[in-house]
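Summary of the model geometry
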Amino acid sequence: MKKALFLLMLIGSISAQAQLMRNNTQWYDGSLNYTATVNANGSIKMEAMAEGEELQFTMNPISDLPNQYLVHKDADYKWTSMPEGALLKVQQQDGLTAISQYCTDRNGVENVFLKTTDDSQTLNIEKQKALLIGTYTRNDGKRVLIGSSSISVGSEEGTYEVMTFNGLALNVIKLNGISGAKYWQMVPTLKGFNLYNGDFDEYGIFAKDRRIGSLIESDPGVGRFYATEQVVLNGNILGSFRKETLRLMRNEIMARHGYVFQAQDLKDYFGREPWYKPGTDNSAIKLSFIEQLNVDLIVGEENRNERNAIEED
């Protein structure tokens, strides 16, 4: 009886793992789509193409730990930044299925792959738009509203497009119907964005010219990093910010749920936000799956934060 029960539990565990990683499914890592090939031994080969280069790595299942894998590079593996022995966990919640790639020290997450049916360029553009959408005040006092494709500057109304290079979304938008500007490069700040003009060269690379102003987030109902509730971020985005800003970004996620802070600087910072309503029980707070993934990613970026942030004051 015990043996039969054990076999049932084992079969159930294997079945659960197989359900989350299916053959020919696509997984978006924040810039590219990988295709999964499930092998007979339970390992999974992940393959992507970038600028004509083939990227691949293998996920080997960990015994007795359903939906957890270690990265293996075969002798003939193609280039990938995925390190040998990296821990991957597959999770499913809130209608999303995600693979979390943990940092080498297991403290935080290096990257997240989301199961998808969309192409990577579309997803890159959507992610960039989520970071831009909002209500701002320009340094000349004009109100700027950025929607999913619309933009208004004062009384002028127009549209914008997120520019790309080799399928990757840039922090540059092309403006249509707005006088005096063709492109804005939007460099992040703690309060919003600094704006630069410029143009693309013959190779499709944007050459920044001069700073033409700034946008300050001015919607009293949301925080500066409200996008962390809507999209899963990635290392390319988080690497743009200084370590102190990452800490505020991570704690803003908690603040939206009424987290009561002990650190005085966080009390003061969020206490100035009209949307912040402190609760009474921190232990009752439940983050959405997207929010939890973003917290894990931000923790990982805070711990390594070795990149040269482009964030400006």
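Presented here is an overview of the structure given in this document. (Residues numbered from 1 in each chain as written. Predicted model: local features only at pLDDT ≥ 70, side-chain atom pairs only at ≥ 80, totals over all residues. Heavy atoms only, no water.)

Okay, the overall build of the protein next. Secondary structure summary: the protein contains six helices and 16 strands in total. Expressed as lengths along the three principal axes of its C-alpha atoms, the size of the protein is roughly 75 × 55 × 30 Å. Across the 313 residues that make up the protein, the buried fraction comes to 44%. Long-range contacts, defined as pairs at least 24 residues apart, comprise 46% of the intrachain contacts of the protein with a sequence gap of at least 6. By element, 50% of the accessible surface of the protein is carried by carbon and sulfur atoms, the whole surface being about 16,300 Å². Counting 32 positive and 40 negative side-chain charges, the protein places the averaged centre of each group 4 Å from the other. (Helix = DSSP H or I, 4+ residues; strand = E, 2+ residues; numbered from the N terminus. Buried < 20%, exposed > 50% of the residue type's maximum accessible area, 1.4 Å probe, protein only. Contact = heavy atoms within 4.5 Å. Areas by Shrake-Rupley, 256 points an atom, 1.4 Å probe, with all protein chains shown as cover. Lys, Arg positive; Asp, Glu negative; His and termini not counted. Charge placed at Lys NZ, Arg CZ, Asp CG, Glu CD.)

On to helix 6 (residues 289-304), then. Spanning 16 residues, helix 6 covers 23 Å between terminal C-alpha atoms, matching the ideal 22 Å at 1.5 Å per step. Residues of helix 6 that are buried include every one of Phe-289, Ile-290, Glu-291, Leu-293, Asn-294, Val-295, Leu-297, Ile-298, Gly-300, Glu-301 and Glu-302, and no others. Looking at the buried positions of helix 6, the neighbouring elements they touch are strand 6 (87-93), strand 7 (96-102), strand 8 (109-116), helix 3 (235-238) and helix 4 (243-255). (Expected span 1.5 Å × (residues − 1).)

Further remarks concern the pairing of strand 15 (residues 192-200). Bridge count between strand 14 (residues 183-188) and strand 15: four bridges; the pairing is antiparallel. Within the sheet, the bridge partner assigned to Val-187 lies in strand 15 and is Asn-194. Alignment of strand 15 against strand 16 (residues 206-217), held across eight bridges, turns out to be antiparallel. Considered in strand 16, the bridge of Leu-195 is made with Gly-213. (Pairing = 2+ DSSP bridges.)

For the rest of this paragraph, the subject is the pairing of strand 2 (residues 33-38). As paired strands, strand 1 (residues 26-28) and strand 2 are joined by three bridges and run antiparallel to one another. When the bridges of strand 2 are listed, Trp-27 appears paired with Tyr-34. Taking the residues that link successive antiparallel strands as the turn, the strand 1-strand 2 hairpin has four residues, and the phi of Gly-30 there is positive, at about 105°. Inspection of the sheet shows strand 2 paired to strand 3 (residues 44-50) by four bridges, in the antiparallel sense. Bridging from a neighbouring strand, Thr-37 pairs with Lys-45 of strand 3. Connecting strand 2 to the antiparallel partner strand 3 that follows it, the hairpin turn spans five residues, and Gly-42 within it adopts a positive phi of roughly 95°.

Below, the discussion takes up the packing of helix 4 against helix 5 (residues 264-271). When two helices pack together, their arrangement is given by the angle between the helix axes and by the axis-to-axis distance. Here helix 4 crosses helix 5 at 65°, and the two axes come no closer than 11 Å. By the angle between their axes, helix 4 is roughly perpendicular relative to helix 5. You can see that helix 4 and helix 5 cross each other, and the crossing is right-handed. Residues Arg-247, Leu-248, Asn-251, Glu-252 and Ala-255 of helix 4 pack against Asp-265, Leu-266, Tyr-269 and Phe-270 of helix 5. (Axes fitted to C-alpha atoms, helices over the stretch in contact; angles between N-to-C directions. Parallel < 35°, antiparallel > 145°, perpendicular 65-115°, else oblique. Left-handed = near helix turned anticlockwise from the far one by under 90°.)

Looking now at the side chain of Arg-138. Among the structural elements, Arg-138 can be located in strand 9 (residues 134-138). At 2.7 Å, the side chain of Arg-138 forms a polar contact with the side chain of Asp-140. Ignoring anything within four residues of it in the chain, the contact list for Arg-138 reads Val-144, Val-153, Trp-184, Leu-195, Ser-214 and Leu-215. (Polar contact = N/O pair within 3.5 Å; in protein donor to acceptor, adjacent residues only side chain to side chain.)

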